[in-house]
Structures are given as C-alpha cells and as structure tokens.
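Residue-level structural notes
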Amino acid sequence: MQLSPERFRSQAQAALRDPTLQQALSRARSGFIDKRRKGIHDIADFEALRERGRRIRDLALSQLDHHLEQLESAVRAAGGQVHWAENDAQAREIILGLCRQADAQRVTKSKSMVGEEIAINPALEAAGLDVVETDLGEYIIQLAQEPPSHIIAPAVHKTRQQISELFDTHHHQGALKARLREIPELVNEAREVLRDKFLSADVGITGANFLVAETGSIVLVTNEGNADLTHTLPRMHIAVAGIDKVVPTLDDATTLLRLLGRSATGQAMSCYTTFVTGPRRADDPDGPGEFHLVLLDNGRSRMLAGPYREMLRCIRCGACMNHCPVYSAIGGHAYGWVYPGPMGSVLTPLFRGLENTRDLPNACTLNGRCASVCPVKIPLPDLLRQLRAEQFRRNITDSRTRWGLRLWGALARRPALYALSTGLAGRLLRLLGGKRGRIRRLPLAGGWTASRDFPAPQGPGFRQQWKKRQTERKPV
Amino acid sequence: MSDSAVTRPDTVALYVTCLVDLFRPGVGMAAVDLLERAGYRVEVPDGQTCCGQPAWNSGDEAQARELARRAIRQLQGYAHVVVPSGSCAGTMVCHYPTLFADEPEWLDAARDLTGRTWELTRFLVDVAGLPADSLGPCQGIATYHDACSGLRQLGIREQPRKLLGAVQGLSLREMEDTDTCCGFGGTFCVKYPEISERMVSNKVERVRESGADMLLGGDLGCLMNIAGRMQRLGVPTRAYHVAEVLAGTADGPAIGEKER
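Predicted model, so just to flag it, every value in this text is computed and none were measured. (Residues numbered from 1 in each chain as written. Chains lettered and ligands numbered in written order. Predicted model: local features only at pLDDT ≥ 70, side-chain atom pairs only at ≥ 80, totals over all residues. Heavy atoms only, no water.)

A separate point is the overall build of chain A. Secondary structure summary: chain A contains 22 helices and twelve strands in total. A principal-axis box enclosing the C-alpha atoms of chain A has dimensions of 100 × 60 × 45 Å. Counting across all 476 residues of chain A, residues that qualify as buried make up 59%. Of the contacts made within chain A by residues no fewer than 6 positions apart, 72% connect residues no fewer than 24 positions apart. A total accessible area of about 20,900 Å² is found for chain A, and carbon and sulfur atoms account for 52% of it. Counting 66 positive and 50 negative side-chain charges, chain A places the averaged centre of each group 16 Å from the other. (Helix = DSSP H or I, 4+ residues; strand = E, 2+ residues; numbered from the N terminus. Buried < 20%, exposed > 50% of the residue type's maximum accessible area, 1.4 Å probe, protein only. Contact = heavy atoms within 4.5 Å. Areas by Shrake-Rupley, 256 points an atom, 1.4 Å probe, with all protein chains shown as cover. Lys, Arg positive; Asp, Glu negative; His and termini not counted. Charge placed at Lys NZ, Arg CZ, Asp CG, Glu CD.)

The following block contains the structure:
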C-alpha cells in the first residue's frame, strides 16, 4: 500500500468504506477524549499550564541556535557525539554509517516519528540490517508492513482480530487459525518475541521527546519501557531528533512533561520517563558504550524563519488528532504521510511542498477543537487558513473554488445585483422544493444532496420582509 | 450612516447574514423581535451582502478584505451590531483585524467594529440582560448543538442555554458531543462530501440518542446541514434556529419543511 498526500481524497474515501477501520476509529475516539478530560482534572489551572508550555517553547525557539550549541557541548562533555543532518538523506547516511561502524547485524528501535520522517527502516533494511520495532504498536504495524496511522498510537487503526491474525501468521505460522485472542495474551507473546531481540541487538535507535540544553540529556517517554531496553542493552545508542526538540533547562522539560502525558493519554506521567545523558560511565552498571545524537533540520530552520514558526512549538502529543472529527472519520493513513491530523495537515505541506499536498490544508472545517486542546497553544486553524491563502496566491487552489469565489465576490460587491440574484435563486429553490419544502437532488450541489436534503428557502428574503414591515409601520 | 439617530446607545444594527437572508428570513425577524422586546431600536443597514467569510476561509484574502471594508463602512457608527450567527460574528470579531494587520487606518476601524459586534444570544444575555421575563412560548424537548465558531471563537455556550431555560414549555436535553463539529464547515461540506457525510451522520446519531424532538443551534449553516441529513435519513427531529424558539415563532415549519 503506497500512501501519498496527493491521493488524500481517494485514501479518505477508501477509509470511510472500510468497516474494520471505522470500528477501530470509533472505539479510539471517545477513549482518548475522555482520558484527556479526566487527566487534566488534577491540575488546578490547566489553562495556565498550557500558557507556560507555550512560553517555554517560544523562548526555546527564539534562541534555538544558542540552545543547540549549548546542547552540543553538554552532550560532548557527557561523552557523547553530536551529528548534524541537514535533510533526511544525510540523516540516513549518518545513521547507516554509525551502524556499520558498530559492525551491527541487528538494530532495535523504539518509536520515533523523526525515524519515520527520514524513512530510516527501509534504508537500514536495504543495507542488510535486521531492524526490529520494539513499541508494541510499531511492532504490530511493522509485521503488517504499514506506516503508523497516529503519532502516539501507531496501530490505533488495527482491531484485536487483525492483531491476532498477524501474530498467528508471524509467530505461529497460521497454526492458531486466526483465533481471536485476549489482549494480555497478545502482549505477553510480543514481549517474549521482543526479549530475544533486545538482548541480541548491536545498536539501539531511539527518538527523543525533548532535548535538554543545559545537561545534554535526551528525554524518553514510553508506557512499555521499550525505549529503555533499546538504549541500555546494545553497544551503541543512536538518538535521532528534530532540532526543534530542544528546551533550555530541566525545569522546562518537566513542565512540558506535565502537559505531554495529560494531553496525549490523560496520564499524569507515562509509565517510563527517562533522562539519558551520554553513554555508560565507568561506574554505571549498564548502558551503551557509545552515544550518538543525530540532530535533523529537514526544513525546520526554514520554518523558524517563516510565517509557520508556531508549528515548531509542537511536542507531538497527538491531542489535536484525537479531538479532530475529520481524523476520527478517516484515520491517519488517509493523510498520506508521516504526520496525520491537524498538525500533519500543517507540517506535511511545509515538508513536502504545498503543490504536492493540495487537499491537506483544505480538508478541515476550521472548527478549532484542535487548537483548544493543544498543550502549547498552536493556532492550528489559523495556520491551515494561512496555507490556504498561500495556495490561493500561488494559484494552487483548484479552479472550481477560484471561479466560485470570483462569482460570489462579484455579486457580494454589488448589493443591487446581489439582491436580484439571491431573490431569483430563492424563488427557483422554492419552486424546486415544491410541496416537500426541500430538495433531494440539486444540480451543482451534488456534494450536498448526495447525502442530505437541501432546504428550500422560507418565503421571500429577509430584506424584502423587512422593507415591507418598515413601510407598514411608517406613520402616514 | 446619514441618520443621526444611529449612534444612540439604544440602537442596534442587525447584520442579517447571507444564509438567513436567503434561506430563513424568519430568523432575522425573530432577532428583530427579541431585540425590540429587550428595548432596542433595530435598524438594518442597507447594502448588506456577505461578511467575506467564505473568501477568508478559502484563502482569497484580497476579496475577504474588500467585503470586510464594505461591512465595516455599513456598520460604522452603530452602538451595537448584532449578528444571528456565531461564525459570521466570529469572522468580524476575530478575523477582520487580522485582515488589516498591514493597513493601520482600516485596522483601527476593524478593531472598533470588533468592540461593538455581538452574536445574538450573547448580546441578549451579556448586554441586554435577558431573560428578564419569560421567552417563547415553545412546547417540546430540545437539544442544542454548539456551533464551533461561536463556541471557540466567541465563547458562546451558556448564553443560549440560559435563554432557553426561560422559554415557557420547553425543556432542554443535552446530547453527547454537543461541541463536536457537524461537518458543515462552509465549503468543506461540498468539497469533501463523503467526510462531511460521516461527520453529520455521527451528529444525527447523537441527536437521535438524546430523544429530543427539536434540534436547536445558533448557526444556520450547521442547522441546514444537520436538518438535511436528518430528513434524508427519515429522522423526525425538527431543526430551528435558537432565535425562532426564543421569539416564540417555532410553531411554524422547521428548516426544510414546507410552508403550511
């Protein structure tokens, strides 16, 4: 299945017709929303915390160069190495080079969206390495050979039946005849399979939820502890992260952690929160011999200098997509690239080009629910609208919309003509509505009437009625 | 603008919106009635067409600016501007100033309008101090859909409920997900009809579950969308704009029903 943001429309339609996916989505929807609602309850003023989160991210971004240099020195001082990657290809090259340097056969990975962004798995596999995803959700979709459909719950689109089938095929060669199994049973089976992989891995690759400039630490947040096994057991730990992930201090990181868990899964804290600083020290009981931090730009510094800078505040919690009614109707794959939902509809055009992602900024009702839950107050609808304006300026907007707007504008600027045409339209629609008062099929509005009746206007227009009333009331 | 009376503090300019004008003039008349009951003199400034929201949301900033200039001029000088729609009021209040960020003179005028512009239910409660007396009447059980723009741009949630609480004969029964988008989204519903259909179907399911026999809301676009889907599915719940219920005129045909 080759997904692409250019095929958003057909991918969305396919998703709407997929009953299994719809079943999975409707279950996920209320779960995430309820959990967040309960999760933010124990903080007296969550809105104030959001504001602090916004400020921390803004301040970090306003001196990004400084913080990155500080981070680099601190990582070096802790015995680690820092590598700068301008784009995805460079990042792949660096990571592949490090794996070769470590003479690696097997690489374990904990979930990383930047890893998806640079498509690291196919590159490592093409070089003959055995790559194993260790987050349960990522492991499931790796078996299914699918990309993640959600940034924190990559297999949210899979049902228990589908997972039972996948495990049967890959772990039992079909011996279980696709029998539906209980969740603890499936989890234990994955755990057993993965344990052997953890112990035999040569390199562990992780992402980073935050990078702390003052200490050179990377922060890793999981509920399964898989990131800790990924970075502690192998000889080499490679962490890959976007340059936007840096925050100045440990204090900043802990404030953001309070926002992250609650916004993502409603947890006050995820089960495992780890601050990793450099490789194993002489008196550490365990840990990797080498620690490498790969810092990825891939368009982020361009974003920093442009009108979409606020998007860089994102801490990848997924709250926007959890609360997005469009995402919950079509799921993450329909968006066609790594980042789905509202944050993806802003990021993907910026990473991949507006002309290759025409639908993404438009497939949104601008209802604003995403922005209302964003822990760092990114004005997602405003950014989407800004992308639409850029599409319009660059002539990327489809011609039907352009002509429609032109016609509407021409009328709306001429009140007399407008009154005449809306009066005529009203009469026509009333005629079409006939005895029913509504229209079942309306030419030029097939999108509406395919699934909805179209209400016929109620009597003559308001301004006509108003005029009549004014005349009647006027003293003679 | 030539009328000297327009600056009187008891005068309200009604910005009727294009959807109300064309599809549901009764909502405009109900708004006039409610404002007059609250003791205001209502004027409907001439030459009203569209606030520019479709252009603004579609990225046509130049056109949005031009339509905004027209509206700003028409509404100049009125102590209050009242709009029976959260999304049109939201466009004026939240987005007009953004449109003129680089034109200081118009920016001032836009900000001035922002301070005087109100969505209808918010004006009635927060400015006019309704409900002083009973409203309606209207017999039935209603459920209320919070249209997104009014809810998130203007913070309208309690005002319509407070007003509906004073309607004789009406009881309010909240549905689940009352703050979830119905899938209208202006041009969205015709650009992405299949996604919109799923969203509005979810909404109709919530309406149905509530057991209410009337669906109310403050934005005609959403109401036409939900009503159209309910009628296609044969759901008997009837849709009215909140103003019609408050003014006691919701005894006539609902949205998409034939005049009797």
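Below, the discussion takes up the packing of helix α22 (residues 462–473) of chain A against helix α2 (residues 25–37) of chain B. Close contact between α22(A) and α2(B) brings their axes to 8 Å; oriented N to C, the two are set at 45°. Looking at the two axes, α22(A) sits oblique to α2(B). Relative to α2(B), α22(A) is oriented so that their crossing is right-handed. For the pair α22(A) and α2(B), contact is made by Phe462(A), Gln465(A), Trp466(A), Arg469(A) and Arg473(A) and by Pro25(B), Gly28(B), Met29(B), Val32(B) and Glu36(B), respectively. (Axes fitted to C-alpha atoms, helices over the stretch in contact; angles between N-to-C directions. Parallel < 35°, antiparallel > 145°, perpendicular 65-115°, else oblique. Left-handed = near helix turned anticlockwise from the far one by under 90°.)

With 68 residues of chain B at the contact, the number on the chain A side is 67 residues. When chain B packs against chain A, the two sides together hide about 5,900 Å² of surface, and 58% of this comes from carbon and sulfur. Linking chain B with chain A are seven salt bridges, by the criterion used here. Where Glu66(B) meets Arg413(A), a salt bridge forms, and the shortest distance between an N and an O atom there is 3.2 Å. At the boundary of chain B and chain A, one finds 34 residue pairs in polar contact (both at pLDDT 80 or more). Ranked by residues supplied to the side of chain B that touches chain A, first place goes to helix α11 (residues 193–210) of chain B with nine residues. Considering only residue class, the side of chain B that touches chain A consists of 28 nonpolar, 20 polar and 20 charged. (Buried area = accessible area lost by both parts, 1.4 Å probe. Salt bridge = Lys/Arg side-chain N within 4 Å of Asp/Glu carboxyl O. Polar contact = N/O pair within 3.5 Å; in protein donor to acceptor, adjacent residues only side chain to side chain. Nonpolar A, V, L, I, M, F, W, Y, C, P; charged D, E, K, R; others polar.)

What follows covers the side chain of Thr232(A). Along the chain, the position of Thr232(A) falls in helix α11 (residues 226–232). Those residues in contact with Thr232(A), other than ones at most four positions away along the chain, are Asp286(A), Gly287(A) and Pro288(A).

Take the packing of aromatic side chains next. Counted according to the given criterion, the structure contains 16 aromatic pairs over all chains. Both rings, one in Trp448(A) and one in Phe454(A), keep their centres 5.5 Å apart while their planes meet at 80°; by these two values the pair is edge-to-face. Take Trp448(A) and Phe454(A): they sit in the same class, and that class is buried. With 6.4 Å between their ring centres and 75° between their planes, Trp448(A) and Phe184(B) make a pair best called edge-to-face. With Trp448(A) in helix α21 (residues 446–449) and Phe184(B) in the loop between β6 (170–172) and α10 (188–191), this pair bridges two chains. (Phe/Tyr/Trp six-rings, centres within 6.5 Å; stacked < 30°, edge-to-face > 60°.)

A few words now on helix α1 (residues 8–16) of chain A. Turning to α1(A), its buried residues are Phe8(A), Gln11(A), Ala12(A), Ala15(A) and Leu16(A). Considered in projection along α1(A), the buried side chains sweep an arc of 135° and stay on one side of the axis. Along its buried surface, α1(A) packs onto α2 (19–39) and α15 (327–330) of chain A together with α11 of chain B. (Arc of directions from axis to C-beta.)

All names here are of chain B. Relative to each other, α2 and helix α7 (residues 120–127) sit at 5°, their axes nearing to 11 Å. The angle between the axes of α2 and α7 places the two elements in the roughly parallel class. Across the interface between the two elements, Ala31, Leu34 and Leu35 of α2 pack against Leu120, Phe123 and Leu124 of α7. Residues belonging to the contact of α2 with α7 are distributed by class as follows: six nonpolar, no polar and no charged.

Here we come to the domain arrangement of chain B. Residue and element names in this part refer to chain B. Taken domain by domain, chain B holds domain 1 (4–127) and domain 2 (140–246). In this assembly, 26 residues from domain 1 lie in contact with 21 residues from domain 2. Here domain 1 packs against domain 2, burying approximately 1,900 Å² in sum over the two surfaces, 67% of which is carbon and sulfur. When the buried area of domain 1 at its contact with domain 2 is split by residue, Arg24, Thr121 and Val125 rank highest and sum to 25% of it. There are one salt bridge connecting domain 1 and domain 2. We note a salt bridge from Glu244 to Arg24, for which the minimum N-O separation is 2.9 Å. (Domains from an automatic or database assignment.)

Further remarks concern the pairing of strand β5 (residues 140–145) of chain B. Residues and elements named next belong to chain B. Within β5, five of the six residues are buried, which leaves the element mostly enclosed by the surrounding structure. Where β5 lies against β6, three bridges are found, and the strand directions are parallel. Each bridged residue has a counterpart across the sheet, and for Gly140 the counterpart in β6 is Leu170. (Pairing = 2+ DSSP bridges.)

All names here are of chain B. Read from one edge of the open sheet, four strands run β2-β1-β3-β4, paired in parallel fashion. A single partner strand is all that each edge strand has here, and the edge strands are β2 (41–43) and β4 (117–119). Neighbour to neighbour, the strand axes of the sheet diverge by 35° on average, direction disregarded. The strands touched by helix α6 (residues 104–116) within the sheet are β3 (80–83) and β4, with β4 carrying the most contacts at an inclination of about 40°.

On to the domain arrangement of chain A, then. Looking at chain A, the domain boundaries give domain 1 (28–301) and domain 2 (400–473). A straight line from the C-alpha centre of domain 1 of chain A to that of domain 2 of chain A covers 54 Å.

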